[in-house]
Amino acid sequence: HRTTMVARDRRRAAVVASVVPLAALLHPGHAFYLPGVAPQEYGPGTKVDLKVNKLTSTKTQLPYEYYRLPYCKPEAIENVAENLGEVLRGDRIVNSMYDLRMGVDESCKVLCRKELSDKEREQFAEFVSQEYRVHWILDNLPAATKFVDDSVPGEPVTVYDVGFPMGFRGSADIPNTKDGVSYLNNHVAITIKYHKDASFEGSRIVGFEVEPSSVKHTYQGSWSDQSPPKLTSCSGGAGPHALSGGAEAIFTYDVKWEQSDIKWASRWDTYLLMGDEQIHWFSIINSLMIVLFLSGMVAMIMMRTLHKDLQRYNQLEVAEEAEEETGWKLVHGDVFRPPQKVMLLCVSTGTGVQILGMLLVTMVFAVLGFLSPANRGGLMTALVLLFVFMGVPAGYFSATLFKTLKGGPAWKQNTVLTATLYPGVVFVIFFVLNFFIWGEASSGAVPFGTLVALLLLWFGISTPLVFIGSYFGYQRKPADFPVRTNQIPRQVPEQVWYMQPAFSIIVGGVLPFGAVFIELFFILSSIWLHQFYYVFGFLFLVLIILVITCAEITIVMCYFQLCAEDYHWWWRAFL
């Protein structure tokens, strides 16, 4: 089971090969560091802060604060300043009792002793059964568990899992355990890798590995917190710590410092270079095949069908011949007739432009390396802020289309709906879900202050920007249609079943989905499995292919619809 999960996670993991060459071209001579992620040097014996973050599980998808469980807690809890993205992700970074000194090894050092009540043991056991993992941070590096994947014969690969399990369930395959009993990992072996170079003083941390284990600690004499007795179980042999046993739990840790040749700029490679990029290249090739197929269809329509139809149409000189026209030529007087629910179409188009602009700008920054996983919460923060600032193009395109379609004097209503309709629907759903997460006391619940901040961004920045964009959009002269619209609408003939709106929309969405579903699978897997996603180079190519695919499939479907003498193409082109 473990090997299967490893192989699956390797396929889902991220690679940075697509952006390394670009980064090397951008910064050929000098080091470049983003704010907040610059290297830090430590002298011998200097205290290195180990911060605890959260507990996560792929089963429940509900993160919890580390100190929700009765772990060893310092007297004063110090919260680390977090950005908007970290709060939305459920990160809650605080200090810990672990005493780490640069270059100082420790062996079986006691962190604390806890007397667990029945309720606390049940709480630990419940989290263990739900496969929760513990997340720590050291010098901005997340803790990782290292193991060797030997699923491919003769090609063992060292794999890093972010975080480490807080315990395990006993089984017949694990010695000294009982089937169905939960065991707590109360001992951790911490390995910290550091790099030294003549170009700087001190040492830089380049690796943070944690190997958890469960030990039923024993000692001689009575316990004293001021001077803990020497443990007699550090060499092993005492068996794992069962949560169904006694109330006493002793937490210990080892510290081992290893010098490494890994440079500081490459220390994230162990987290990111875990996957097989061939799958992403297959995704690109698959998408390109779809684009070539659609491009061929569009070229056939433009170069053969339309060219011949226009040539024959322009050469008509006899009225009787004109009466024999069929297909799209018959609806030229109705093709630019305003659709039903013009307001909703314009609002939807404006919001679509807003989302597209947000994605394109985010992709550019991500490909350039500004949204590295080292900058925790940076991607989420960028998405929220860029959506807010893209209110200008949203208002501009919504107002331009509304004026072009002769929406009338309701331009103020159009502007307000562009700023509030879809963001309001998303916020209401988000707020309702957040209530349920609040009820579970999860750290994933967005605090009230952050909700207020989001409302201020929405009404204080995004909405005024939409009004500014709408102002310039209404100042622009509307587009002139090449033909005049008839006063009396033409009757649309009965359509065959495969030209019905629902079927056409589904067919029109299959090919764009086929162009992106592989990368979409990787993205969703990274979200649900708490993995790093960093193949933004591939994702940027897929996004461009998606835009081209959507444009071409819209041209093809609208042409077929007009050939069936159905001129209600506005909404179908959007959907």
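What counts and what doesn't
Residues numbered from 1 in each chain as written. Predicted model: local features only at pLDDT ≥ 70, side-chain atom pairs only at ≥ 80, totals over all residues. Heavy atoms only, no water. 1 Å grid on protein atoms, 1.4 Å probe; cavity = no way out; pocket = protein on both sides within 12 Å on 5 of 7 lines; lining within 4 Å. Points joined across faces, edges and corners; volume = space filled by probe spheres on them. Helix = DSSP H or I, 4+ residues; strand = E, 2+ residues; numbered from the N terminus. Nonpolar A, V, L, I, M, F, W, Y, C, P; charged D, E, K, R; others polar. Buried < 20%, exposed > 50% of the residue type's maximum accessible area, 1.4 Å probe, protein only. Pairing = 2+ DSSP bridges. Phe/Tyr/Trp six-rings, centres within 6.5 Å; stacked < 30°, edge-to-face > 60°. Lys NZ or Arg CZ within 6 Å of the ring centre and 35° of its normal. Disulfide = S-S within 2.5 Å. Axes fitted to C-alpha atoms, helices over the stretch in contact; angles between N-to-C directions. Left-handed = near helix turned anticlockwise from the far one by under 90°. Contact = heavy atoms within 4.5 Å. Salt bridge = Lys/Arg side-chain N within 4 Å of Asp/Glu carboxyl O.

Visitor: I'm lost on empty space enclosed by the protein in this one. Help?
Guide: Rolled over the atoms, a probe as big as a water molecule pinpoints where empty space is left. In total, this model carries three cavities of 30 Å³ or more according to the counting rule given. Considered as a void within the structure, the largest cavity measures approximately 140 Å³ in volume. Looking at the lining of the largest cavity, the elements with two or more residues in it are strand E7 (133-138), strand E11 (164-165), strand E14 (187-195) and strand E16 (248-259). Looking at the lining of the largest cavity residue by residue, the classes come out as 15 nonpolar, five polar and no charged. The calculated volume of the second largest cavity comes to roughly 60 Å³. If you trace the second largest cavity, you find it lined by Ala144, Tyr160, Lys193, Val206, Gly207, Phe208, Glu209, Ile262, Arg267, Thr270 and Tyr271. Counting only elements with at least two residues in the lining of the second largest cavity, the list comes to strand E15 (203-213) and helix H5 (269-272).

Visitor: When you look at the pairing of strand E3 (residues 50-56) in this model, what are you seeing that I'm missing?
Guide: Two faces belong to every sheet, and in a regular strand the side chains alternate between them. Among the seven residues in E3, six count as buried, and that is most of the element. Here two bridges tie E3 to strand E4 (residues 64-65), and the two strands are oriented antiparallel to one another. What sits directly across from Leu55, in E4, is Tyr64.

Visitor: Looking at this model, I keep getting lost on the pairing of E14. Mind explaining?
Guide: Most of E14 is tucked away: eight of the nine residues are buried. The pairing of E14 with E15 spans nine bridges and is antiparallel. Paired with Ile192 across the two strands is Phe208, which belongs to E15. Here E14 runs beside E16; their pairing, made up of eight bridges, is parallel.

Visitor: So what exactly am I meant to see when it comes to the packing of aromatic side chains here?
Guide: Think of a pair of aromatic rings as described by two things: how far the centres are apart, and how the planes are tilted against each other in angle. All chains considered together, the criterion is met by 28 aromatic pairs. Measuring from ring centre to ring centre gives 5.3 Å for Phe168 and Tyr183, while their planes differ by 15°; the resulting arrangement is stacked. Placement of the pair is Phe168 in strand E12 (residues 167-169) and Tyr183 in strand E13 (residues 182-184), with a sequence separation of 15 residues. Each residue in the set Phe427, Phe431, Phe435, Trp438, Trp458 and Phe459 is aromatic and connected to the rest through ring pairs, giving one cluster. Positioned above the aromatic ring of Phe200 is the side chain of Arg204, whose terminal nitrogen or guanidinium carbon lies 4.0 Å from the ring centre.

Visitor: Sorry if this is basic, but what is going on with the state of the cysteines here?
Guide: Here a disulfide denotes one covalent bond, and it connects the sulfur atoms of two cysteines. In this structure the tally under the stated criterion is one disulfide. Disulfide pairing places Cys72 opposite Cys112 at an S-S distance of 1.7 Å. For the disulfide bridge between Cys72 and Cys112, the dihedral angle about the S-S bond is near -75°, and by the sign convention the bridge is left-handed. One end of the pair, Cys72, is in the loop between E4 and helix H3 (84-89); the other, Cys112, is in strand E6 (residues 106-115), and 40 residues separate them in sequence. With respect to class, Cys72 is no different from Cys112; both count as buried.

Visitor: Would you explain the packing of helix H10 (residues 391-404) against helix H11 (residues 411-439) in this entry?
Guide: Relative orientation of the contacting elements H10 and H11 amounts to 145°, with a least axis distance of 10 Å. The element H10 and its partner H11 pack so that their crossing is right-handed. Across the interface between the two elements, Ala394, Gly395, Ser398, Ala399 and Phe402 of H10 pack against Trp411, Asn414 and Thr418 of H11. Of the residues assigned to the contact of H10 with H11, the class counts are four nonpolar, four polar and no charged.

Visitor: Would you take a moment to explain the pattern of salt bridges for this structure?
Guide: Close approach of charged atoms lets side chains of opposite charge pair. Overall, the coordinates contain 17 salt bridges when judged by the stated rule. A salt bridge links Glu41 to Arg204, with the shortest nitrogen-to-oxygen separation between them at 2.7 Å. In this pair, Glu41 sits in strand E1 (residues 41-42) while Arg204 sits in strand E15, placing the two residues 163 residues apart along the sequence. You can call Glu41 partly exposed: its relative accessible area is 33%. Measuring nitrogen to oxygen at the nearest pair gives 3.5 Å for the salt bridge that ties Asp566 to Arg572. Asp566 sits in the buried class, given a relative accessible area of 5%. Here Arg572 falls in the buried class, since its relative accessible area comes to 15%. Connected via shared salt-bridge partners are Lys47, Asp99, Arg101, Glu106 and Lys109.

Any functional reading would require information beyond the geometric quantities listed.
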